[in-house]
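Spelled out from the first residue to the last, the chains are:
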Amino acid sequence: CDKFCTFCIVPFTRGRERSRDLNGILLEVEKAVDKGFSEITLLGQNVNSYKNKNNKFHNLLEEVSKINGLKRIRYTSPHPKDMSEKVINIMNKYDNICNSVHLPLQAGSNKILKRMNRTYTKEEFISLAQKIQNRIPNVGISTDIIVGFPGETNSDFEQTLEVMDVIKFDFAFNFKYSARRGTKAIEYDDQVNEEDKKSRLTKVINLQKKHTLHKNEKLIGSYQEVLIEKESKLSSSNWAGRTDSNKWVIFDKGKSEIGELVNVKINEAVGVTLKGQINYNA
């Protein structure tokens with residue numbers, strides 16, 4: 001990674017960004033499809049800063065989407081600063097690119113974002129997220145949020161909650177800030193106490209639970225295409241799979257098998273999980 005966020009050790013442990021040859025990636029995907037894989041994920045840190053010769057990430061995404069037999073494409077993790085108009089256009093153009101975007105916010109205060117070296121403002125992030133929501137039908141947006149970063153006041157934290165209320169993420173990975181040896185943030189002398197971190201994390205988790213449930217409840221009664229990935233942890237008679245927008249669905253196995261794309265009617269929303277039944281008439 002080349003971004004050098006002040007809380008992150010990745011650039012020091014993993015080194016600078018390197019982009020693989022586009023043709024090599026395409027060959028690997030083609031081999032995976034030949035072996036029966038239905039879905040692939042383009043993985044990079046940061047994946048959307050991909051640059052190889054004259055190819056950028058939107059070029060890679062488009063070329064992969066043209067591979068015959070590939071049912072689904074996902075990618076992670078992008079950086080908001082590198083999320084281009086061209087990537088959004090390509091996502092809209094190809095049906096096998098999943099309508100799911102992981103867009104790490106980290107914090108909702110411009111002061112904290114600058115201190116994190118995130119290179120975008122709260123206003124720019126909100127504008128980008130809303131553009132994605134408006135341009136990509138039924139898109140699911142997930143995020144990362146860190147609470148208790150050095151120097152974060154109650155006012156700064158409240159701004160994070162405000163951004164969450166504006167965007168209403170489908171899902172979020174929430175963390176307390178923890179110091180990493182070798183990073184810039186460990187040098188700051190205004191560390192947040194553990195009690196405040198715990199309190200803020202609880203508030204973020206509870207708010208996100210409300211947003212996730214609200215988003216999931218809107219899908220009740222709809223039919224969703226689900227890729228069967230594994231057996232449900234709760235019952236050997238159920239499958240677990242994900243929708244196009246990256247929501248987990250639990251449903252009876254019936255005659256279906258892992259790797260199949262099935263049409264599922266959503267009957268219930270329980271926390272972060274949907275429950276439904278296969279529609280064999282689809």
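Since the structure is predicted, the reported quantities are computational estimates derived from the model, not experimental observations.

### Considering the overall build of the chain
Each helix and strand counted, the chain has 8 helices and 12 strands in total. At 20 Å, the chain has a C-alpha radius of gyration in line with the 19 Å of a compact globule built from 282 residues. Considered along the principal axes of its C-alpha atoms, the chain spans approximately 60 × 45 × 35 Å. Taking all 282 residues of the chain together, the buried fraction comes to 49%. Nonlocal contacts in the chain, meaning residues at least 24 apart in sequence, comprise 71% of its contacts between residues at least 6 apart. Looking at the chain as shown, the accessible area adds up to about 14600 Å², and 48% of this sits on carbon and sulfur atoms.

### A look at the sheet that holds strand 8 (residues 223-231)
As a general point, the strands of a sheet are linked pairwise by backbone hydrogen bonds and lie either parallel or antiparallel. Strand order in the closed barrel formed by 5 strands is 8-9-10-12-11, and the pairing between neighbours is mixed. Neighbour-to-neighbour, the strand axes of the sheet open up by a mean angle of 50°, direction not taken into account. As paired strands, strand 9 (residues 238-243) and strand 10 (residues 248-252) are joined by 5 bridges and run antiparallel to one another. Bridge assignment links Arg-242 to a residue of strand 10, and that residue is Trp-248.

### Here we look at the environment of Phe-125
By the secondary structure assignment, Phe-125 is in helix 6 (residues 122-135). Along the primary structure Phe-125 and Lys-81 are separated by 44 residues, whereas in three dimensions their C-alpha atoms are 8.6 Å apart.

### Quick look at the nonpolar core
Generally speaking, soluble globular proteins have nonpolar side chains that are buried together. Core analysis: the biggest nonpolar cluster contains 59 residues, and Leu-42, Leu-61, Tyr-75 and Ile-132 have the highest contact counts within it. Take this core: its biggest share by element is 6 residues, from helix 2 (residues 22-34). Excluding residues within four positions of it along the chain, Ile-132 makes contact with Met-83, Ile-88, Val-101, Leu-103, Val-139 and Ile-141. Judged by nonpolar contacts, the second largest core, of 12 residues, contains Val-249, Val-264, Ala-269 and Ile-278.

### So, the side chain of Ser-77
Summarising the element assignment, Ser-77 is placed in the loop between strand 4 (72-76) and helix 4 (85-93). Here the side chain of Ser-77 touches Thr-76 through a polar contact of 2.8 Å, side chain to side chain.

### Here we look at the packing of aromatic side chains
Applying the stated criterion across every chain, the model contains 8 aromatic pairs. On the basis of an interplanar angle of 75° and a centroid distance of 5.6 Å, the ring pair of Phe-4 and Phe-12 is categorised as edge-to-face. Overall, the relative accessible area of 31% leaves Phe-4 in the partly exposed class. Their ring planes at 85° and their centres at 6.4 Å tell us that Phe-7 and Phe-149 sit as a pair that is edge-to-face. With Phe-7 in the segment before helix 1 (10-14) and Phe-149 in the loop between strand 6 (140-147) and helix 7 (154-167), this residue pair connects regions lying 142 residues apart in the sequence. In this pair, the class of Phe-7 matches that of Phe-149, namely buried. What links up through ring pairs into an aromatic cluster is the set Phe-7, Phe-149, Tyr-177 and Tyr-188. A cation sits over an aromatic face here: Lys-230 above Trp-248, 4.9 Å from the ring centre. Taking NZ or CZ as reference, Lys-253 lies 4.5 Å from the ring centre of Trp-239, over its face.

Rules used in this analysis
Residues numbered from 1 in each chain as written. Predicted model: local features only at pLDDT ≥ 70, side-chain atom pairs only at ≥ 80, totals over all residues. Heavy atoms only, no water. Helix = DSSP H or I, 4+ residues; strand = E, 2+ residues; numbered from the N terminus. Rg over C-alpha atoms; globule rule 2.2 N^0.38 Å. Buried < 20%, exposed > 50% of the residue type's maximum accessible area, 1.4 Å probe, protein only. Contact = heavy atoms within 4.5 Å. Areas by Shrake-Rupley, 256 points an atom, 1.4 Å probe, with all protein chains shown as cover. Pairing = 2+ DSSP bridges. Axes fitted to C-alpha atoms, helices over the stretch in contact; angles between N-to-C directions. Core = buried A, V, L, I, M, F, W, Y, C linked by side-chain atoms within 4.5 Å. Polar contact = N/O pair within 3.5 Å; in protein donor to acceptor, adjacent residues only side chain to side chain. Phe/Tyr/Trp six-rings, centres within 6.5 Å; stacked < 30°, edge-to-face > 60°. Lys NZ or Arg CZ within 6 Å of the ring centre and 35° of its normal.

The quantities given are spatial measurements derived from coordinates; they are silent on function.
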